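# Structural characterization, general
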Amino acid sequence: SQQGEEDPQALSIQEGENATMNCSYKTSINNLQWYRQNSGRGLVHLILIRSNEREKHSGRLRVTLDTSKKSSSLLITASRAADTASYFCATDVRGQGGSEKLVFGKGTKLTVNP
Amino acid sequence: EAGVTQFPSHSVIEKGQTVTLRCDPISGHDNLYWYRRVMGKEIKFLLHFVKESKQDESGMPNNRFLAERTGGTYSTLKVQPAELEDSGVYFCASSRRSGRGSYNEQFFGPGTRLTVL
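Report on the accompanying structure. The model shown is predicted, which means the values in this text are computed figures rather than measured ones. (Residues numbered from 1 in each chain as written. Chains lettered and ligands numbered in written order. Predicted model: local features only at pLDDT ≥ 70, side-chain atom pairs only at ≥ 80, totals over all residues. Heavy atoms only, no water.)

## Focus: the overall build of chain A
Worth spelling out the cut-off: By the criteria applied, helices consist of DSSP H or I runs no shorter than four residues and strands consist of E runs no shorter than two, each listed in order from the N terminus. Both definitions apply: the radius of gyration is a C-alpha atom measure, and the globule rule equals 2.2 Å times residues to the power 0.38. Think of it in three bands: residues with accessible area under 20% of the maximum for their type are buried, residues over 50% are exposed, and the middle band is partly exposed, with areas taken using a 1.4 Å probe on protein chains only. In this analysis, two residues are considered to be in contact whenever any of their non-hydrogen atoms come within 4.5 Å of each other. For the area figures, the Shrake-Rupley method with a 1.4 Å probe applies, and any residue is considered shielded solely by the protein chains shown. His is not counted here, nor are the chain ends, while Lys and Arg score as positive and Asp and Glu score as negative. For charged residues, the charge sits on one atom: NZ in Lys, CZ in Arg, CG in Asp, CD in Glu.
Helix and strand content of chain A: 0 helices and 11 strands. What you see for chain A is a C-alpha radius of gyration of 14 Å, in line with the 13 Å of a compact globule of 114 residues. Within the span of chain A, comprising 114 residues, buried residues form 46% of the whole. Across chain A, the fraction of contacts at a sequence separation of at least 24, relative to all contacts at a separation of at least 6, is 54%. For chain A, the accessible area works out to roughly 5,400 Å², and carbon and sulfur atoms hold 44% of it. Measuring between centres, the 15 positive side-chain charges of chain A sit 4 Å from its 11 negative side-chain charges.

## So, the pattern of salt bridges
As a reminder, the rule being used: Any Lys or Arg side-chain nitrogen located within 4 Å of an Asp or Glu carboxyl oxygen qualifies as a salt bridge.
Per the stated rule, a full pass over the model turns up 9 salt bridges over all chains. Between Arg62(A) and Glu55(A) there is a salt bridge; the shortest N-O distance is 3.2 Å. With a relative accessible area of 31%, Arg62(A) lands in the partly exposed category. Glu55(A) gets classed as partly exposed once you look at its relative accessible area, which sits at 40%. One salt bridge in this structure joins Asp24(B) and Arg22(B), with 2.7 Å as the shortest N-O distance. Judged by its relative accessible area of 25%, Asp24(B) is partly exposed. The partly exposed category is assigned to Arg22(B), whose relative accessible area is 32%.

## As for the sheet that holds strand β8 (residues 75–79) of chain B
All names here are of chain B. Going by this rule: Pairing between strands is defined by DSSP: at least two bridges between them are needed. Fitting a line to C-alpha atoms yields each axis, with helices limited to the stretch in contact; the angle taken between N-to-C directions then spans 0 to 180 degrees.
One open sheet accounts for 4 strands, arranged β1-β3-β8-β7; its pairing is antiparallel. Every interior strand has two partners, whereas the edge strands, β1 (5–7) and β7 (65–68), have only one. Pairwise comparison of adjacent strand axes, ignoring direction, gives a mean angle of 15° for this sheet. Inspection of the sheet shows strand β3 (residues 19–24) paired to β8 by 5 bridges, in the antiparallel sense. Within β8, the residue paired with Arg-22 across the bridge is Thr-76.

## Describing the interface of chain A and chain B
We apply this condition: Under this definition, polar contacts are N or O atom pairs within 3.5 Å; protein pairs additionally need one hydrogen-donor-capable and one acceptor-capable atom, and for neighbouring residues in sequence, both atoms have to be side-chain atoms. Amino acids outside the nonpolar list (Ala, Val, Leu, Ile, Met, Phe, Trp, Tyr, Cys, Pro) and the charged list (Asp, Glu, Lys, Arg) are all regarded as polar, and Gly is one of them.
Each partner contributes residues to the interface: chain A has 23 residues there, and chain B has 23 residues. Linking Lys101(A) and Asp56(B) is a salt bridge whose minimum nitrogen-to-oxygen distance equals 4.0 Å. Across the chain A-chain B interface, the total number found is 3 residue pairs in polar contact (both at pLDDT 80 or more). Partitioned by chemical class, the residues of the side of chain A that touches chain B number 6 nonpolar, 12 polar and 5 charged.

## Observations concerning the side chain of Arg69(B)
With respect to the secondary-structure elements, Arg69(B) resides in the loop between β7 and β8. Put simply, Arg69(B) is tucked away with no salt bridge, and the nearest opposite charge, on Asp30(B), sits 5.9 Å away.

## Side note on the state of the cysteines
Convention followed: Any pair of cysteine sulfurs within 2.5 Å is marked as a disulfide.
Inspection of the entire model under this criterion finds 2 disulfides over all chains. Here Cys23(A) connects covalently by a disulfide to Cys89(A), the sulfurs 1.9 Å from one another. Disulfide Cys23(A) to Cys89(A): torsion about the S-S bond roughly 65°, handedness right-handed. Taken together, the positions of Cys23(A) in strand β3 (residues 19–24) and Cys89(A) in strand β9 (residues 85–94) put the pair 66 residues apart, joining distant regions of the chain. You'll find Cys23(A) and Cys89(A) in the same group, each marked buried. The partner cysteine of Cys23(B) in its disulfide is Cys92(B), sulfur to sulfur 1.8 Å. In this structure the cystine formed by Cys23(B) and Cys92(B) twists about its S-S bond by roughly -60°; its chirality is therefore left-handed. Of this pair, Cys23(B) sits in strand β3 while Cys92(B) sits in strand β9 (residues 88–95); the two residues are 69 residues apart in sequence, bridging distant segments of the chain. With respect to class, Cys23(B) is no different from Cys92(B); both count as buried.

Encoded structure:
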């Protein structure tokens, strides 16, 4: 089953505005993470929130987790043009042999206009 | 500390040809993962190595894909023969060996964009 469905799929805002992206997942989790991918670049790890945490901050990023609703949100405050990228949530799942693999959603493409 | 590197950054091949992608993990990372993102879809897990052993290859789409990690260092992912639907971005990630009950961040490479014509 697909985990980590983000919405919206695309978001366009003006510099200085806040951007909120949401993610829903289907099964129980240990952790939920958010990644960013700039065009042509690799995935950059932004923040990890554990299943027993409800909110976490890192600089201009704020992540919330609601395990009862199986959802998470990523808020970027005071956005900058450099924040333009695709954002993915991912949950870690135990695979075969105890393997820890990440299950990603389709991502939200954020465009911050200068 | 050097990050995860992947080669090539972009490969364009014709249907039926063979392509080999390479990933060099961060030195000392026992775990190596391959993921791919097909156009417009989510990033999907392909397989996981612990050193040279395949721990989980449940995400490999079919037997046209062969991954190896000789000596537990770099890894290669070969697609033979390539099909149109193989086009996408192939990511490699590595992490330290996980302790019991702990989670180690996966560090991703820049990806290889594969285009099959």
